[in-house]
Amino acid sequence: MQSLLYSIIEANRSWTRQGKVANYIPGLAKANPEALGIVLITTDNQSYAAGSHETPFTIQSISKILTFTCALMDTPFAELSKIISLEPTSDEFNSISSLEIKNTHKPLNPMINSGAIATLSLVKGDSYAERFQRVFSFAKLLTGNEALPLNQDVYASESRTGHRNRALAYYMKSTDIIHDDVEELVDAYFRLCSLQVTCHDIARIGAVLAGNGLLPGSETRVIPKDICRIVKAVMATCGMYNGSGLFATSVGLPAKSGVGGGILAVSPNRMGIGVMGPALDEKGNSLAGIKVLEDLSKRLDLSIY
Ligand code: DON
């Protein structure tokens, strides 16, 4: 396994030069575009690593999995369904119009920004400081990393430049999807995007989902099995944004990307996979990271389809 990972990283390193590091948040632009790393953690807690697997990056949208999972654990599904859909597209099977001109205010799914902001309002807590702590502690539990840091530089630039996220939140407040203080809500969202992780951290989150909620190599349940099933299904359909369909055909695993360059993928009942490569494709997904996952999926026959 170890030599397979080395060879996959080497074979795909040149793809890093085809992508671009995210620069819409100044703190993100400092990432090394040539970094490429991978960690696999099996459900029985064997781990394998290659490439820049110790290079830190911010979790970004991968945190949406954690927020969604907490929201599912803290809020009855019927309540959650009132404010958020779980659909990859809003178009009906014969639709010729787009979402914007339809009468739907609910965010399409929890893997996009509006959806993640709305799901954060469903996490248990009397304040957004408490809701942030709830998801942050959950992140520490799943990664097994008690020292999980927050990247203050990325958080500050995220907060300074995040006007589109504020706009989404204010819009959803105007349509009664959220009811809380928008500034406090988006601040917690910005902090969660700025958690600093490595491939190991995200692979371990993936391993918990792969093991249907058990911490790797243990019988300790930290997520109900049914909730893992919902999270993986939504990752499989929506986790790679508007690249989810193609990713399903080429890799075939539930996954979630972030603009920090991370991709967390889950091979159900087998392993969690954490990949990092900050040079992104035009959809905001790690370009070389997807290539690495394509090779790995082919070599180990991982596609669930
Ligand atoms: O909301 C934002 O702009 C980011 N902090 C998170 C976005 C993200 O990771 C989108 N990803 N691919």
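About the thresholds
Residues numbered from 1 in each chain as written. Predicted model: local features only at pLDDT ≥ 70, side-chain atom pairs only at ≥ 80, totals over all residues. Heavy atoms only, no water. Helix = DSSP H or I, 4+ residues; strand = E, 2+ residues; numbered from the N terminus. Rg over C-alpha atoms; globule rule 2.2 N^0.38 Å. Buried < 20%, exposed > 50% of the residue type's maximum accessible area, 1.4 Å probe, protein only. Areas by Shrake-Rupley, 256 points an atom, 1.4 Å probe, with all protein chains shown as cover. Lys, Arg positive; Asp, Glu negative; His and termini not counted. Charge placed at Lys NZ, Arg CZ, Asp CG, Glu CD. Near = heavy atom within 4 Å. Polar contact = N/O pair within 3.5 Å; in protein donor to acceptor, adjacent residues only side chain to side chain. Nonpolar A, V, L, I, M, F, W, Y, C, P; charged D, E, K, R; others polar. Domains from an automatic or database assignment. Core = buried A, V, L, I, M, F, W, Y, C linked by side-chain atoms within 4.5 Å. Contact = heavy atoms within 4.5 Å. Buried area = accessible area lost by both parts, 1.4 Å probe. Phe/Tyr/Trp six-rings, centres within 6.5 Å; stacked < 30°, edge-to-face > 60°. Lys NZ or Arg CZ within 6 Å of the ring centre and 35° of its normal. Disulfide = S-S within 2.5 Å. Salt bridge = Lys/Arg side-chain N within 4 Å of Asp/Glu carboxyl O.

(A) How the structure looks around the overall build of the protein chain. Summing up its helical and strand segments, the protein chain has 12 helices and 9 strands in all. Here the C-alpha atoms of the protein chain give a radius of gyration of 18 Å, agreeing with the 19 Å that 2.2 N^0.38 yields for 305 residues. Structurally, the protein chain occupies a C-alpha span of about 55 × 45 × 45 Å along its principal axes. Counting every position in the protein chain, which comprises 305 residues, the buried fraction comes to 57%. When the accessible area of the protein chain is evaluated, it comes to approximately 13100 Å², of which 51% is carbon and sulfur surface. The positive charge centre, built from 28 side chains, and the negative charge centre, built from 29, are 3 Å apart in the protein chain.

(B) Here's a closer look at the site of the ligand. Around the ligand, a shell composed of 13 residues is seen, among which Y24, Q60, S61, E158 and Y189 lie nearest. Y24 is positioned with one of its side-chain polar atoms (N or O) 2.6 Å from an oxygen atom of the ligand. Relative to its free-state accessible area of 340 Å², the ligand is covered by the protein chains to the extent of 93%. Looking at the shell around the ligand, its residues break down into 6 nonpolar, 6 polar and 1 charged. Inspection of the shell around the ligand shows a minimum of three residues originating in each of domain 1 (2-57 + 197-300) and domain 2 (61-193).

(C) Up close: the side chain of S114. Looking at the secondary structure, you find S114 in helix α4 (residues 113-120). A residue is classified by how much of its surface remains accessible, and S114, at 13% relative accessible area, is buried.

(D) Layout of the nonpolar core. One finds L120, L195 and I223 to be the most contacted residues of the largest nonpolar core, which totals 68 residues. Composition of this core by domain shows at least three residues from each of domain 1 (2-57 + 197-300) and domain 2 (61-193). Discounting residues that sit within four places of it in the chain, L195 has contacts with F57, T58, I59, F132, F136, A139, L148, P149 and L150. Grouped together as the second largest cluster of nonpolar side chains are 25 residues, L5, L253, V275 and L296 included.

(E) Spotlight on the domain arrangement of the protein chain. For the protein chain, the domain assignment lists domain 1 (2-57 + 197-300) and domain 2 (61-193). The C-alpha centroid of domain 2 is placed 21 Å from the C-alpha centroid of domain 1. Counting residues at the interface gives 32 residues for domain 1, matched by 30 residues for domain 2. Here domain 1 packs against domain 2, burying approximately 2400 Å² in sum over the two surfaces, 77% of which is carbon and sulfur.

(F) Highlighting helix α6 (residues 152-161). Every buried residue of α6 is accounted for by V154, Y155, S157 and E158. Close packing links the buried residues of α6 with β4 (57-58) and α8 (182-193). The distance from a side-chain oxygen at the start of α6 to the backbone nitrogen of D153 is 3.1 Å, and the residue carrying that oxygen is N151.

(G) Region of the structure containing the packing of aromatic side chains. Scanning the entire structure with this criterion turns up 2 aromatic pairs. Positioned above the aromatic ring of F132, the side-chain terminus of R191 is 5.9 Å from the ring centre. The residue whose ring lies beneath K291 is W15, and the NZ or CZ to ring-centre distance is 4.2 Å.

(H) Quick peek at the state of the cysteines. A complete count under the given rule lists 0 disulfides for this structure. Between C193, a free cysteine, and C70, which holds the nearest cysteine sulfur, the sulfur-to-sulfur gap is 14 Å. Among the cysteines around C228, which has no disulfide bond, C70 carries the closest sulfur, lying 12 Å off.

(I) Examining the pattern of salt bridges more closely. Counted according to the given criterion, the structure contains 7 salt bridges. A salt bridge links E10 to R13, with the shortest nitrogen-to-oxygen separation between them at 3.2 Å. A salt bridge links R134 to D74; the shortest N-O distance between them is 2.8 Å. Of this pair, R134 sits in helix α5 (residues 128-143) while D74 sits in helix α2 (residues 63-74), and the two are 60 residues apart along the sequence. The class for R134 is partly exposed, based on a relative accessible area of 25%. For D74, a relative accessible area of 18% gives the class buried.

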